[in-house]
Amino acid sequence: MKRTLLLFAMAALMFSCAENKGEKSAEPQNEPTAVHTYESGSILPIAVINYDTLMANYDLALEANEALIKKQEDVRLDLNQRMRQLENEAAEFQNKLENNAFLSRERAENEQRRILQKNQDLQALQEQKAIEIQNEQQKTGERLRDSLNSVLAEINRTGKYHLILTTNAFNENVLFAAPQYDITMEVVDMLNDRYNKK
């Protein structure tokens, strides 16, 4: 998808350059819409948003990230406490077993089953909490995308942009974008205005 967007942007740029030089395509155009031409030095209808900057400055993203980190820390603390308690019970069981402290073999087996069941329950709880956090991350991501899409629709309601790309530290598709194409802070300001009005 990213490669397709990059190819589209490059094709639009090449087409624009060809139009500027007065070159005409040998093949007829099949598009029913009007072809836009751009004068030398004009800005193409393309915008770039730096996703890292957006997420570092969007209040909703910052608050959601902080809440998620707190939840992960709380879950980790709770699971660690439960694990230590289980380890202590297992060590106590082993100590009693080695010292023949159980009055009957049946009592020892019941205690062993209880500890094994508690271990299984703890593993199940750990998996459940991991799924809950993953679901929360997904819901937050969807909420952020919906907000961003809404603001982008508002920014582009006049059809000013034909293509809006995103870039981040790990995305090498957009290797360079001139500053006049970067609308990141405009988007951040609109997102924060909408979020803080709620």
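Going along each chain's sequence as written, the residues are numbered from 1 onward. Selection of residues for local features in this predicted model requires a pLDDT of at least 70, selection of side-chain atom pairs for listing and counting requires 80 or more, and totals for whole chains, interfaces and linings are taken over all residues. Only hydrogens and water are set aside; all other atoms, that is, all heavy atoms of the structure, feed into the side-chain values.

Undergrad: Is there a simple way to explain the pattern of salt bridges in this structure?
TA: A side chain with one charge may pair with a side chain of the opposite charge, provided their charged atoms come close. Salt bridge, as used here, is a side-chain nitrogen of Lys or Arg placed within 4 Å of a carboxyl oxygen of Asp or Glu. This model, assessed by the stated rule, comprises 10 salt bridges. Ionic pairing is found between Asp74 and Lys70, a salt bridge with its closest N-O pair at 3.0 Å. Separated by four residues within a single helix, Asp74 and Lys70 lie in helix α3 (residues 59–98), roughly one turn from each other. We note a salt bridge from Lys118 to Glu89, for which the minimum N-O separation is 2.7 Å. With Lys118 in helix α4 (residues 105–155) and Glu89 in helix α3, the pair connects residues that are 29 residues apart, well separated along the chain. Helix and strand labels come from DSSP, where a helix needs a run of H or I of at least four residues and a strand needs a run of E of at least two; each type is numbered from the N terminus.

Undergrad: Help me understand the packing of aromatic side chains, please; the structure alone is not making it clear to me.
TA: Any aromatic ring pair is given by two values, namely how distant the centres are and how the planes are angled relative to each other. Whether two aromatic rings pair depends on their centres lying within 6.5 Å, for rings of Phe, Tyr and Trp, where Trp uses its six-membered ring; planes under 30 degrees apart make the pair stacked, over 60 edge-to-face, and the rest tilted. This structure, assessed with the given rule, holds two aromatic pairs. Look at Tyr58 and Tyr195: their rings are 6.4 Å apart centre to centre, the planes differ by 80°, and that puts the pair in the edge-to-face class. Note that Tyr58 is positioned in the loop between α2 (51–57) and α3 and Tyr195 in helix α5 (residues 184–197), a separation of 137 residues in sequence. Three exposure classes are used, based on accessible area relative to the maximum for each residue type with a 1.4 Å probe and protein chains only: buried under 20%, partly exposed in between, and exposed over 50%. Given a relative accessible area of 2%, Tyr58 falls into the buried group. You can call Tyr195 buried: its relative accessible area is 18%. Ring centres of Phe93 and Phe102 lie 5.6 Å apart, and the angle between their planes is 50°; on these two criteria the pair is classed as tilted.

Undergrad: Help me out: how do you make sense of the environment of Arg143 in this one?
TA: Relative to the helices and strands, Arg143 is located in helix α4. Along the sequence, Arg143 and Ala61 sit 82 residues apart, while their C-alpha atoms lie 9.4 Å from each other. The criterion used for residue contact is that any of the two residues' heavy atoms lie within 4.5 Å. When sequence neighbours within four positions are dropped, the list of residues in contact with Arg143 reads Leu60 and Tyr195.

Undergrad: What should I look at first to understand the nonpolar core in this one?
TA: Generally speaking, soluble globular proteins have nonpolar side chains that are buried together. Among the nonpolar cores identified, the biggest contains 19 residues, and Leu54, Tyr58, Val187 and Leu191 are the most heavily contacted of them. For this core, the secondary structure elements donating two or more residues are β1 (46–50), α2, α3, α4 and α5. Ignoring sequence-local partners within four residues, the contact set of Val187 consists of Ile49, Leu54, Leu148, Val151, Leu152 and Ile155. Buried Ala, Val, Leu, Ile, Met, Phe, Trp, Tyr and Cys residues form a nonpolar core when they are joined through side-chain atoms within 4.5 Å. Grouped together as the second largest cluster of nonpolar side chains are nine residues, Leu68, Val75, Phe93 and Leu122 included.

Undergrad: What exactly am I supposed to notice about the side chain of Thr167 here?
TA: The residue Thr167 is located in strand β2 (residues 163–167) in this model. If near-sequence neighbours (up to four positions away) are discounted, Thr167 is found in contact with Val48, Ile49, Asn50, Tyr51, Asp52 and Val174.

Undergrad: I'm lost on the side chain of Glu89 in this one. Help?
TA: Exposure remark for Glu89: the relative accessible area of 15% places this residue in the buried category. Identification of polar contacts relies on pairs of N or O atoms within 3.5 Å, with a donor-acceptor requirement for protein atoms, meaning one able to donate a hydrogen and the other able to accept it, and with residues adjacent in sequence counted only if both atoms are side-chain atoms. Reaching out from Glu89, the side chain makes a polar contact with the side chain of Arg114 at a distance of 2.9 Å. Not counting residues up to four positions away in its chain, the partners in contact with Glu89 are Arg114, Ile115 and Lys118.

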